[in-house]
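Listed below, chain by chain, are the residues.
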Amino acid sequence: MGLSVADVAAASAAWVWEPENAEVVGTDGYRMVRLPEYYDFDLSVVSFTPNGPLGAAVDAVVQRAREFRVPVLDWQVLIGHPAGLAEELVARGGRVKLELEVLAADLGKGAPRLREPEVEVELRWATDAASSRDGAEVAVTGFGGELPPRERIEAAALRNARTVAAGEGGTLVAYVNGEPAGTSGVELVGGVARLTGGVVAPAWQRKGVYRALLAARLGYAAEHGARMALVKANPATSGPILRRAGFTGYGQEPVYAVPLAPPAGE
C-alpha cells in the first residue's frame, strides 16, 4: 500500500525547522525564524496557515518581517499551502531562490538495498566534538554560511549522542581515507524519517558517498520504526539519486526571496 499524497503533504507541512538558537516570532497564522549569523539564510517563514484573505495575510507577514531590518525574507511555498501563494509572493517582488522537491519513500517493508559506493566509506555518528566539527565543515562547502562557534558544535555532539541512542536520529559524517567527505542528518518524528542536510565535499562527489549516507539513514530509520522517509531535495543534485533509490516525487516546494524594502513613500 503506497504513500498517499495527503499523507506526504501532511508530513511535509508538519516539518517545521526551528533551530534551538534561532529567534522565533509569529502568530497563529504564521511563524518566522531569525537565524544566527553563521547561517546562509537570515529570516525565513517556516509555517503559514492564514485564516483570512490570502493577500492580507501575506502583507501582514511581510510587514512584520520588515521590523527586522534585513533586506530579504525567504519563504518556502509548501505543497499544502493555499493556492495562489506563489503568485502573491511574485506580486511583491519575490523570485525563486532555491528549487526544492518533496520526495518520499515507503519504509513499511523495510529499507531498500542500495548499490555499494565506488570508494570505501566509513560512517560515524557525530557524537563527539571532532566528528561534529568535521560534519559542520563539510556542510559549509555545500550550503554556504560559516562554521558555527565551538560551543554550538560541542552542543550538537552532545545532542546527537542522546538522540541517536534514543532512536530519534542524528547527524552522520562520511569519511574516505580518513578525510571528511560528506554529511547528512535524519530525524524521526511520528513514524516519519526526515532526511536533512545531505552534502558531499567536491573531491568525493560521484563516488557513491551520498548513496552510502542515504543507505545508513534509511536502515536506521526502518530499524527504529519509521514508515515513511521524507526529503525536501534539490531536484538537480540529490533528486536523481533518491529516485533511483525508490523515492517518488510529490510536488515542488520552491523557496522565494521576497525583498523587504518598504514601498516608495513609506
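One can find the structure itself at the top, above this paragraph.
Rules behind the numbers
- Residues numbered from 1 in each chain as written.
- Predicted model: local features only at pLDDT ≥ 70, side-chain atom pairs only at ≥ 80, totals over all residues.
- Heavy atoms only, no water.
- 1 Å grid on protein atoms, 1.4 Å probe; cavity = no way out; pocket = protein on both sides within 12 Å on 5 of 7 lines; lining within 4 Å.
- Points joined across faces, edges and corners; volume = space filled by probe spheres on them.
- Nonpolar A, V, L, I, M, F, W, Y, C, P; charged D, E, K, R; others polar.
- Pairing = 2+ DSSP bridges.
- Helix = DSSP H or I, 4+ residues; strand = E, 2+ residues; numbered from the N terminus.
- Axes fitted to C-alpha atoms, helices over the stretch in contact; angles between N-to-C directions.
- Contact = heavy atoms within 4.5 Å.
- Core = buried A, V, L, I, M, F, W, Y, C linked by side-chain atoms within 4.5 Å.
- Buried < 20%, exposed > 50% of the residue type's maximum accessible area, 1.4 Å probe, protein only.
- Expected span 1.5 Å × (residues − 1).

## Considering the layout of surface pockets
Thought 1: In this structure, the second largest pocket spans a volume of roughly 150 Å³.
Thought 2: Lining the second largest pocket are A111, P112, R113, L114, R115, E116, P117, R211, A212 and A215.
Thought 3: For the lining of the second largest pocket, a count of residues per class yields 6 nonpolar, no polar and 4 charged.

## Here's the deal with the sheet that holds strand β3 (residues 43–48)
Thought 1: Judged by pairing direction, the sheet is mixed, and its 6 strands sit side by side in the order β1-β2-β3-β4-β13-β5 without closing on themselves. Because the sheet does not close on itself, it has two edges, and the strands there are β1 (23–27) and β5 (95–98). Each neighbouring strand pair of the sheet contributes to a mean axis angle of 30°, computed without reference to strand direction.
Thought 2: Taken together, the 5 bridges between β1 and strand β2 (residues 30–34) define a ladder with antiparallel strand orientation. Across the sheet, V24 pairs through a bridge with V33, a residue of β2.
Thought 3: Lying on the sheet, helix α2 (residues 54–66) is in contact with β1, β2, β3, β4 (72–76) and β13 (255–259); it crosses β3 at an angle near 145°.

## Considerations on the sheet that holds strand β10 (residues 192–200)
Thought 1: One open sheet holds the 7 strands; their spatial order is β7-β8-β9-β10-β11-β6-β12, and the pairing between them is mixed. The open sheet is flanked by β7 (122–125) and β12 (248–252), the only strands paired with a single partner. Pairs of neighbouring strands in the sheet enclose a mean axial angle of 25°, with direction left out of account.
Thought 2: Examined bridge by bridge, strand β8 (residues 169–176) and strand β9 (residues 179–189) share 8 bridges and lie antiparallel to one another. Residue pairing across strands places L172 opposite S184, the latter belonging to β9.
Thought 3: This element, helix α1 (residues 5–14), spans β6 (101–106), β10, β11 (228–233) and β12 of the sheet and lies at about 65° to β11.
Thought 4: Sitting on the sheet, helix α5 (residues 150–165) touches β7 and β8, and the angle it makes with β8 is about 110°.

## Let's talk about the nonpolar core
Thought 1: Ranked by internal contacts, the top residues of the largest apolar core, which has 31 residues, are L195, V209, L214, L242 and F247.
Thought 2: Within the residue set of this core, elements represented by two or more residues are β6, β8, β9, β10, α6 (209–223) and β11.
Thought 3: With 8 residues, the single largest contributor to this core is α6.
Thought 4: Those residues in contact with L242 that sit more than four places away from it in its chain are L103, Y210, L214, V231, A233 and F247.
Thought 5: F48, L54, W75 and A86 belong to the second largest nonpolar core, which has 23 residues in total.

## Re α6
Thought 1: The end-to-end C-alpha distance of α6, which contains 15 residues, comes to 21 Å, matching closely the 21 Å that a straight helix rising 1.5 Å per residue would cover.
Thought 2: Along α6, the residues that are buried comprise V209, Y210, R211, A212, L213, L214, R217, L218, Y220 and A221.
Thought 3: Directly after α6, the chain includes G225, whose backbone phi takes a positive value near 90°.

## A short note on the environment of D7
Thought 1: By the secondary structure assignment, D7 is in helix α1.
Thought 2: Separated by 82 residues in sequence, D7 and L89 have C-alpha atoms that sit 26 Å apart.

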